[in-house]
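# Residue-level structural notes
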Amino acid sequence: MKILIDADGCPVTEFAVKLANTYKIKALIFCDTSHEFAIDGAKVITVSKGADSADFALVNKAETGDIVITQDYGLAAMALAKRATVITQNGLIINDFNIDNLLYSRHMAKKARRSGMHLKGPSKRTKEQDTAFELSLIHISEPTRHAQIS
């Protein structure tokens, strides 16, 4: 099992790597050449800049049982197809039951923007969002920790 992080604008990268190190899980950070990361305890995989290049690199490394951290629903759908567990930076666990609605809402927002509608961007990140992410990541990581000890 690995934790794969879509580091593109991801505010929880450091916590995810810290948790991975605590549970002795390999952490991989994926980004393109427009971002720089150097976090102890994680391997950074930097790919050429391009549309979704980091996403495709991440999904190519994903395997059954891995944890993928992303806010990109397209990447989440691909990771689910690889039987990975997917979590957003706000702690939402994406699964086969909610991915269709998430992809549909993304499609409708894109359609609205193309028609000239201005959509409100995300609000400022809150401590509650950090806590929700931390609790969700701990929850999905813990069973592996117990399995590794046995």
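As a starting point, this report considers the structure included with it. (Residues numbered from 1 in each chain as written. Predicted model: local features only at pLDDT ≥ 70, side-chain atom pairs only at ≥ 80, totals over all residues. Heavy atoms only, no water.)

### Points about the sheet that holds strand β1 (residues 2–6)
In a beta sheet, neighbouring strands are held together by backbone hydrogen bonds and run either parallel or antiparallel to one another. Taken in spatial order, the six strands make up an open sheet running β3-β2-β1-β4-β5-β6, and their pairing is mixed. The outermost strands of the open sheet, each flanked by one partner alone, are β3 (43–47) and β6 (93–94). Summarising the sheet, strand β5 (residues 85–87) and β6 pair through two bridges and their orientation is antiparallel. Bridge assignment links V86 to a residue of β6, and that residue is I94. (Pairing = 2+ DSSP bridges. Helix = DSSP H or I, 4+ residues; strand = E, 2+ residues; numbered from the N terminus.)

### A short note on the nonpolar core
Residues I3, I5, I69 and L137 are the most contacted members of the largest nonpolar core, which totals 22 residues. Contributions of two or more residues to this core are made by β1, α1 (13–22), β2 (26–32), β4 (67–69) and α5 (127–149). With four residues, the single largest contributor to this core is α1. Beyond its immediate stretch of four places on either side in the chain, I69 contacts I3, L4, I5, D6, C10, V12, A16, I87, F133 and L137. (Core = buried A, V, L, I, M, F, W, Y, C linked by side-chain atoms within 4.5 Å. Buried < 20%, exposed > 50% of the residue type's maximum accessible area, 1.4 Å probe, protein only. Contact = heavy atoms within 4.5 Å.)

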